[in-house]
Each structure stands twice: as C-alpha cells, then as structure tokens.
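Chains, contacts and geometry: an overview
As a plain string of letters, each chain reads:
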Amino acid sequence: MKFKSLLVVNRGEIALRVVRACQELGIRSVAVYSDPDAHAPHVREADEAVRIGPAPSSESYLKGDVIIAAAQSVGADAIHPGYGFLSEREWFARAVRDAGLVWIGPPAEAIAAMGSKTAARTLAVAHDVPVVPGTTEPLADAAEAARVAEKFGFPVLLKAAAGGGGKGMRVVRSSAEMAGAWESARSESRKAFGDDAVYIEKFIEGPRHVEIQVLADTHGNVISVGERECSVQRRHQKMIEEAPSPAVDAALRRRMGEAAVRAARAAGYVNAGTCEFLLDKNGEFFFLEMNTRIQVEHPVTELVTGIDLVQWQLRIAAGERLPFPPDIEPRGWAIECRITSEDPSNGFLPSTGRIDYLHVPSGPGVRWDGGIEAGSTIGLHYDPMLAKLIVWGANREQAVERMHRALRELIVVGVETSREFHLRVMEDPDFRAGAIDIQWLERRLPSLLGGAAADESLRVAAIAAALIAHRDRTGGRVAGGAAGAVAAVESAWNRGARTDAFRDR
Ligand code: MV4
C-alpha cells in the first residue's frame, strides 16, 4: 500500500465502516473524536484516536486545520472523510493534498466541477448526458423567468444554482404564481448558500430517484457498478434504498451507466462517486447532480455486486487499477433501512437519551452497519442516523421478507427509532409492488402511521401492569402518590414491558 496509516475524519457508522476496511487491508486506522464521542465504537475499534474538540461539529469534525494537524501528529499519511462534514469541501481536499497527505476521494477540481448545480448541468450537456429541459444560465428577474416558463410549458421548477437538498426550489404551475415563487426561491437560496442565482427547469411529475455508482481509477478507467433506487424519502432525507431498481432493466442500466461514466469523465473524476438521476414514468432519465463522496447507501451496491466500495476507495487512492468488466449486472436484491433516532408517530421528531439495551438482528443475508451500542448517548449535535440495516435476498420479495424479519428482531430501548415506520413500509402493498416514486412516502405517511395509536395503548397497558405489580409487591404503599408511582416505575418497567410487548409483533 502507498499509505500505512489512515486518519478517519468522521464519526458513527461510516467511521467504523472505514476502520473495518483498514483492518482488512492491514492499514493502521486512526479515529478522531469530539468530547461526547470519546468512548464511541469507532474510537474503540480504531488502532489509535485523537481528540479534535468539543461537541459542536463546527468546533470538531469540521475543523480542517485541527484535523490536518492531528494527521501529522500521529503520522497518518492519508485521510478518509466519510460522508457529510468535510467530504465535499473543495478547500479541504486541496489542504489535505497540500499537506502532502493522500486524500481518499476525488481531486479538489472534480469536487469543484460538480459543486455548482448549473456548472454540473453545463458540463453534462457538453458531454451528451441528458438533463431536464431548462436553462443553464441564471435568470435575471421574475419577468424573464415567466417568459422562459411559457417557452418550456408549466409546471416548471425554480432552482438555486448553488443548490442541493431541495433548498431554494419552488414549483410554479402558472404565470400568476411566478412573482411570489421567484422572490421566495431567491431569498431562500441567498440564506442557504449566500448566492441568489436561480435557474429554471421543466418540473418532472412523480419521478423516481435513481442513482448510478461509479468507480474511477488514476489510470483513466471509469466504470459504472449499477444503480440504486432511492425514491423512499421524506423532506429530501432518504429512508430506504435498494439495488437494483424495480424500474431499471439491463438495457436502461447500460444507458444510465454510460451517461454516468461520461459525466464522471467530464469532471476528471477519480475514486467512488454517484450520479443522481430522475427517472420519469416513461423511462426517460435526466442527470441532476454528482455526489463526490462515498454515500450512506453504498452497502446495497456492495451486496448485489460483491464489490467492497470502501476497500476500492483505498485501493484507487493507492494507485491500483480497477479489474472489473464494463457491464456489471446485479445478483439478487438488497435493501437498506436507515435506523434513525426519530419518532415516526411524532412527526419524526428527534429523540435523545441513552441506549439502555440493543439487540442487533442477524441470520441469513443480514448486515448491520452501526455506530452505536448499549450505553451510547444520543444527543442533538449530530445526524440522527444510528445505524443501517441492510439485507440481501435472491430476489426482491425475499429481500423484503428478510428485512421485515430482521426489523422484528431489532430491539432498541432508550430512544425512539424509525423501526416501526420501516416495518409498516415492508408491509405496504405499493412498496411490495415496487410502485414508488419520490412523492410516494409523503403521500402515504398519514395512513402508514395510522396504526400508531396501538403503540400508545400498549404502552399505557404496560405501565398499568407495572403499577399493579408494584402495588402488590409494596402492599399498597406507593410513595409519592399515583403520579410519583408512575414516574418511579416508568423508567424501569416501561423499557422492559415495551421490549417484551413489541417482541412478537
Ligand atoms: C427536480 C424534481 C422534479 N423536476 N427537478 C430535489 C433536490 C435536488 N437534488 C433535485 N430535486 C428535484 N429536482 C425537476 N426538474 C424533483 C426533485 C425532487 C427530488 C429529487 C430527488 C430525490 C427526492 C426529491 C424530492 C423532491 C423533489
């Protein structure tokens, strides 16, 4: 290997994922941690660890200079940024390179080329990658936007040139709506990105979000390793991903793969990256943007291709050649559920606290990429994703059943999680038919969680049972009156009773 020691500049499950890749390649791994993460699994499993600051990301995981100094102080010769945090900051990729360290990711120039949505769009057009009809230049004012909209035909979508994550985006269905939408799109992009340039696209109704994983080595080999279907999302947060996509056949896979490879080549891409597409109801696809990092959902691709993407990120950075054939076809089916500390029955409100008990699913075809354990404290400083539950099956039906089974095995006590939500999705007829688009979840959510009241009554019943048992044991003397008694037994009994009650549902 070109490098012997790697600094893992992230936390949680992805930091642990990278540490594991290092272990398998015989590379020394060095974790970084903020104060609340001092005893986190990714820190313990790494060969060494460096403190980088207090809890806020802005004072720890985003401190580029502190992190580069940490790498030098421990003699690490490479940096893996994971996803989020510093992973797509051009200046950081450059600073790592300038410090004489190996950057496990694309060149700073490729990050920059894909960083602006309009620049990426222009690049795509120039290289025969289909994009949604619209402008590539920012518009001057609402009047120009209205004229352009008439030309493409309503509905249209105003988008922030600097955009991402749906910020600064407005659907406009008639010219009467334009002035208001124009102003709100501009002010939102100014606030989010410090840039109020807005352009226009034809609005695609009810598409799927399908993305192509690419790998590029330093010798000019760029390949597609297939698609992921990521349409099950809520407010631009993906909840469930799968590979392959129920809407993609071998012919479409080849065409989308070739388009993604052209986009990657155009950007001078090296390492693992992902091209995002919209796939409309007629099977037409449109390039949206390229994510210049390893993604959360990379394991579904690993399970259907047998390619260890994180290991290949390291091998590519070390100068190895990609040995894979050009047309990789998926084998079987993989599904990933993001297990988050959010309460689905309460508008996905983040839930905090200590994980008192954790039972991780196992058995055939089950993979758990987690960054937590019993005893972990979940706060509000970081992303609520606790772990990813990933399954593989010989076909989609088996994968869905396997995920349902694995979710039933999962027990997380101490914080609310998205588990129940995922169970309901696995039972849903639309999901089971693969009949999903990017609007499906938000349409379906009210009825999906309609049965949530059952949980609440079960909880009340469990507390009542605990109270009765407590009264019987204490001969009717209940300190602090009924309210105190509820508080006293709630913490101890609620956990146990709910764990048992939920076990065989
Ligand atoms: C679109 C679109 C429909 N038509 N563009 C959302 C975030 C940004 N990456 C692009 N997005 C969209 N662009 C046109 N012309 C719908 C979305 C969109 C979306 C895309 C992918 C995944 C989830 C989404 C949720 C809402 C809207």
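Residues numbered from 1 in each chain as written. Predicted model: local features only at pLDDT ≥ 70, side-chain atom pairs only at ≥ 80, totals over all residues. Heavy atoms only, no water.

Further remarks concern the sheet that holds strand E10 (residues 222-234). Read across the sheet, eight strands follow the order E13-E12-E9-E10-E11-E14-E21-E19 without closing on themselves; strand pairing throughout is antiparallel. Edge positions in the sheet fall to strand E13 (285-291) and strand E19 (366-370), since each of these pairs with one other strand and no more. Taking the axes of each pair of neighbouring strands and ignoring which way they run, one obtains an average angle of 25 degrees across the sheet. Bridge count for strand E12 (residues 271-279) against E13 is six bridges, and the pairing is antiparallel. Bridged to Leu 279 within E13 is Phe 285. Sheet strands in contact with helix H1 (residues 12-25) are E19 and strand E21 (385-393), and its direction is about 110 degrees off that of E19. (Pairing = 2+ DSSP bridges. Helix = DSSP H or I, 4+ residues; strand = E, 2+ residues; numbered from the N terminus. Axes fitted to C-alpha atoms, helices over the stretch in contact; angles between N-to-C directions. Contact = heavy atoms within 4.5 Å.)

Residues in close proximity to the ligand total 16 residues, the closest being Lys 159, Glu 201, Lys 202, Ile 204 and Glu 289. Within the contact set of the ligand, a nitrogen atom lies 2.8 Å away from a side-chain nitrogen or oxygen of Glu 201. Out of a free accessible area of 520 Å², the ligand has 89% covered by protein chains. Of all the secondary structure elements, the ones that give two or more residues to the shell around the ligand are strand E6 (156-160), strand E8 (198-202) and E13. Of the residues that constitute the shell around the ligand, the class distribution is eight nonpolar, four polar and four charged. (Near = heavy atom within 4 Å. Polar contact = N/O pair within 3.5 Å; in protein donor to acceptor, adjacent residues only side chain to side chain. Areas by Shrake-Rupley, 256 points an atom, 1.4 Å probe, with all protein chains shown as cover. Nonpolar A, V, L, I, M, F, W, Y, C, P; charged D, E, K, R; others polar.)

So, on to the packing of helix H3 (residues 64-74) against helix H4 (residues 90-98). Two elements in contact, H3 and H4, have axes separated by 11 Å at closest approach and are oriented at 25 degrees. In this view, H3 runs roughly parallel relative to H4, as classed from their interaxial angle. As for the relative orientation of H3 and H4, their crossing is right-handed in sense. The segment H3 lies against H4, with Gly 64, Ile 67 and Ile 68 engaging Trp 91, Phe 92, Ala 95 and Val 96. (Parallel < 35°, antiparallel > 145°, perpendicular 65-115°, else oblique. Left-handed = near helix turned anticlockwise from the far one by under 90°.)

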